Amino acid sequence: MPASRRLGRAARESACPGVIVGDVIPLPRASVLAGVMIVGVALGMMAALVAAVEVTATIRPDLVIALAIGVPSVIGMLTIVLAGRRWVTAVGAMVLAMGPGLFATLAAIQVASGG
C-alpha cells in the first residue's frame, strides 16, 4: 500500500511529509499555562468573595456548587477545544481554573460562618 494511502487526509495535504496529525490544540509554554491558571484561581476566589457579599438571596447549596463548578468548566473547555491560537488556549485555561477557586472560597466562607 503506498504511503499516501496509509496517511490521513491532513498528512497528505500537509507541507511536511510524515506528519500524521493535522490539527492540534495550540498549547502555550508550560510556565505561561501555569501562570494563567494561578491567575484564574485568584480571580475565582475574588469572584466568590464579591458574590458572597453582593448576593443576599437564599440559594440552594447544590445549585451554587453546580454554578461555581459547571459554568467555568463548560466555558473553559469549549474555549480550549475551539482555540486556534495559544493565547486563546491560555484564556480558556484561566477560565477553567476559576472553578476550583470559586468552590474553595465559597466552601471556606460557609465553614467560617458556622453553616
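Summary of the structure given here. (Residues numbered from 1 in each chain as written. Predicted model: local features only at pLDDT ≥ 70, side-chain atom pairs only at ≥ 80, totals over all residues. Heavy atoms only, no water.)

### Observations concerning the environment of G99
Within the secondary structure layout, G99 lies in helix α5 (residues 86–112). For G99 and I69, which are 30 residues apart along the polypeptide, the C-alpha to C-alpha distance reads 4.7 Å. Among residues more than four places away in sequence, those in contact with G99 are A68, I69 and P72. (Helix = DSSP H or I, 4+ residues; strand = E, 2+ residues; numbered from the N terminus. Contact = heavy atoms within 4.5 Å.)

### Some words on the pattern of salt bridges
A side chain of one charge can pair with a side chain of the opposite charge when the charged atoms of the two come close. What the rule picks out here adds up to 1 salt bridge. The salt bridge involving R60 is made with D62; its shortest N-O contact spans 2.7 Å. (Salt bridge = Lys/Arg side-chain N within 4 Å of Asp/Glu carboxyl O.)

### A look at the environment of L82
Position of L82 among the secondary structure elements: in the loop between α4 (61–81) and α5. Placed 57 residues apart in sequence, L82 and I25 show a C-alpha to C-alpha distance of 8.0 Å.

### A short note on helix α3 (residues 30–54)
Here α3 contains 25 residues, and its C-alpha end-to-end distance of 36 Å stays within 8% of the 36 Å for a straight helix at 1.5 Å per residue. Within α3, the full set of buried residues consists of V36, G40, G44 and A48. Along its buried surface, α3 packs onto α5. (Expected span 1.5 Å × (residues − 1). Buried < 20%, exposed > 50% of the residue type's maximum accessible area, 1.4 Å probe, protein only.)

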